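Letter by letter, the chains look like this.
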Amino acid sequence: MFDNLSDKLNSAFKKLKGRGTLTEKNIEEGLKQVRMALLEADVNYRVAKKVISDIKERALGQEVMDSLTPGQQVIKIVFDEFTRMMGDSHKGLNLEGRKPAAVMLVGLQGSGKTTTAGKLGLYLRKKGKKPFLVPVDVYRPAAIDQLKKIGKQLDLPVFPSTTDMEPLAICEQAVAMGREKGYDTLILDTAGRLHVDEALMAELQGIRKGVHPSEILLVADAMTGQDAVNIAGSFDETVGLDGIVLTKMDGDARGGAALSIKAVTGKPLKFIGMGEKSTDLEPFHPERMASRILG
Ligand code: GDP
């Protein structure tokens, strides 16, 4: 299992007692374990290959430090590589400039967009912002009701969208209402589909051009592993993304999506969803995720 990659590495390197340098021969077994674990964890094949060669390059010729076993030393190299791959530490959201700013959430149906809209609202209010929740999924009345309910629970204002309104008109009216009422950050909960489709992408592009969101975040379900990475690629190509929120990391998602998304799309993970409650949102920290994946 991916969870105890550290144990695996430790036992793979146990034979290498005493001091010396890490050679190609003696790290080969450990790298085999890393490779298997990465693939088991649903890490993109090309990414896994690159990680292995980077780790090898770093490990080769290193003196085994007195204070560490060879296993621990390789674990440290793997940890550093995972951290590097997942990118910079949390930089927050860029909400400077025009007021109200808009955070546009996009993603497939069921990925956790509406839940994340509430979570972000709460997060931003704690940061001193005045968020305004905007239901933009006019195709599913339940989606509008769900966000209105979340708004009520959290005591956050919600734009009064109805299913007969045009998505872009909702966003434009919400900007005007936000300005009028002093709400500084709109959270746009856009429509999702079961699959990436052209009509949805065209709608999202229209909203992007119409309201110039400060942040366009993809909400993706970590449990879908490589699919989440491919979906991120499609959304980035067609709509353009500023970052990703990976939800359902409280489940038994093995981290493959977290490890691959930045390497494949170049876009940073900004938050992770750790449960269904509104408080279950954490800013993304690559070191924390790397430790978690290593177990
Ligand atoms: P949407 O269709 O993208 O708006 O998705 P929803 O926000 O309705 O979420 C779909 C389901 O996933 C709901 O049952 C949520 O409670 C659940 N969900 C969302 N985020 C998380 C998370 O971080 N962890 C867990 N365990 N469940 C989540």
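Residues numbered from 1 in each chain as written. Predicted model: local features only at pLDDT ≥ 70, side-chain atom pairs only at ≥ 80, totals over all residues. Heavy atoms only, no water.

### Structural notes on the overall build of the chain
Where we set the bar: Helix and strand definitions here come from DSSP, where helices need a minimum of 4 consecutive H or I residues and strands a minimum of 2 consecutive E residues; each element is numbered from the N-terminal end. Think of it in three bands: with a 1.4 Å probe and only protein chains considered, a residue is buried below 20% of the maximum accessible area for its type, exposed above 50%, and partly exposed in between. The contact definition used throughout considers only heavy atoms, calling two residues in contact when any of these lie within 4.5 Å. Residues scored as charged are limited to Lys and Arg (positive) and Asp and Glu (negative), so that His and the chain ends carry no count. Taken as the charge location is NZ of Lys, CZ of Arg, CG of Asp or CD of Glu.
If you tally the helices and strands in the chain, you get eleven helices and seven strands. Principal-axis analysis of the C-alpha atoms gives the chain an extent of 70 × 35 × 30 Å. Out of the 295 residues belonging to the chain, those deemed buried represent 53%. Of the contacts made within the chain by residues no fewer than 6 positions apart, 77% connect residues no fewer than 24 positions apart. Of the side chains in the chain, 42 bear a positive and 39 a negative charge, and the two mean positions are spaced by 3 Å.

### Here we look at the nonpolar core
As a reminder, the rule being used: Joining through side-chain atoms within 4.5 Å is the link that ties buried Ala, Val, Leu, Ile, Met, Phe, Trp, Tyr and Cys residues into a set, and such a set is a nonpolar core.
With 69 residues, the main nonpolar core has F82, L188, F235 and L246 as its most contacted residues. Ranked by residue count, the leading element in this core is helix α4 (residues 70-86), at seven residues. The next biggest cluster of nonpolar side chains, apart from the first, holds 21 residues, and it includes A101, L124, L154 and L156.

### Some words on helix α6 (residues 141-154)
Just so we agree on the cut-off: Under the convention used throughout, the expected extent of a helix is 1.5 Å for every residue step, that is, one less than its residue count. Regarding the arc, it is the one traced by the directions from the helix axis to the C-beta atoms.
Here α6 spans 20 Å end to end across 14 residues, near enough to the 20 Å set by a 1.5 Å rise per residue. Among all positions in α6, only A143, I144, L147, I150, G151 and L154 are buried. Projected onto a plane normal to the axis of α6, the buried residues spread over an arc of 125° and lie on a single side. When the buried face of α6 is taken as reference, the exposed residues oriented beyond 90 degrees from it are A142, K149, K152 and Q153. Contact partners of the buried residues in α6: α5 (113-126), β2 (131-135) and β3 (185-189). Where α6 ends, the next residue or the one after it, D155, has phi of about 60°, a positive value.

### What to know about the pattern of salt bridges
Going by this rule: The term salt bridge refers to a side-chain nitrogen of Lys or Arg lying within 4 Å of a carboxyl oxygen of Asp or Glu.
Evaluation of the coordinates by the stated rule reveals twelve salt bridges. In this structure, the salt-bridge partner of K76 is D80, at a minimum N-O distance of 2.9 Å. Linking K76 with D80, this pair stays in helix α4, spanning four residues, or about one helical turn. Judged by its relative accessible area of 44%, K76 falls in the partly exposed class. Bridged by salt links that share partners, the residues K50, D54, R58, E81 and R84 form one connected network.

### Observations concerning the site of the ligand
To keep things clear, this is the line we draw: Any residue with a heavy atom lying within 4 Å of a molecule or strand is counted as near it. Whenever two N or O atoms come within 3.5 Å, that pair is a polar contact, provided that in protein one can donate a hydrogen and the other can accept it, and provided that, for residues adjacent in sequence, both atoms are side-chain atoms. Values of accessible area rely on a 1.4 Å probe in the Shrake-Rupley scheme; residue burial ignores everything except the protein chains shown.
Close to the ligand lie 18 residues, the nearest being G110, K113, T115, D250 and E276. Note that an oxygen atom of the ligand is positioned 2.8 Å from one of the backbone N or O atoms of K113. Backbone polar atom of G273 to an oxygen atom of the ligand: 3.3 Å apart, as the coordinates give it. In isolation the ligand has 580 Å² of accessible area, and contact with the protein removes 80% of it.

### Some remarks on the side chain of D184
Turning to its location among the elements, D184 is positioned in the loop between α7 (167-181) and β3. If we ignore the near neighbours within four places in the chain, the residues touching D184 are K99, P100, A101, K129, K130 and P131.

### Observations regarding the side chain of S214
Topologically, S214 is positioned in the loop between α8 (198-211) and β4 (215-221). Take S214: its relative accessible area is 18%, and that puts it in the buried class. The contact partners of S214, leaving out residues within four places of it in the chain, are N94, L95, E96, A101, A102 and D242.

### Here's the deal with the UniProt feature "domain: SRP54-type proteins GTP-binding" (unreviewed entry) in the chain
Rules: UniProt positions are given in the numbering used here, feature names are shortened, and annotations may be inferred rather than shown by experiment.
The feature "domain: SRP54-type proteins GTP-binding" (unreviewed entry), as given by UniProt, occupies residues 268-281 in the numbering adopted here. The distance separating the terminal C-alpha atoms of residues 268-281 is 16 Å; by composition the span is 0% helix and 43% strand.

### A short note on the packing of aromatic side chains
Test applied: To pair, rings of Phe, Tyr and Trp, with the six-membered ring standing in for Trp, must have centres within 6.5 Å; the planes then decide the type, stacked if under 30 degrees apart, edge-to-face if over 60, and tilted in the middle.
The full count for this structure, using the stated rule, is three aromatic pairs. With 5.0 Å between their ring centres and 80° between their planes, Y123 and F271 make a pair best called edge-to-face. Of the two residues, Y123 sits in helix α5 while F271 sits in strand β6 (residues 269-273), which places them 148 residues apart along the sequence. Neither residue differs from the other here; Y123 and F271 are each classed as buried. Taken together, the ring pairs in this structure connect F132, F159 and Y183 into an aromatic cluster.

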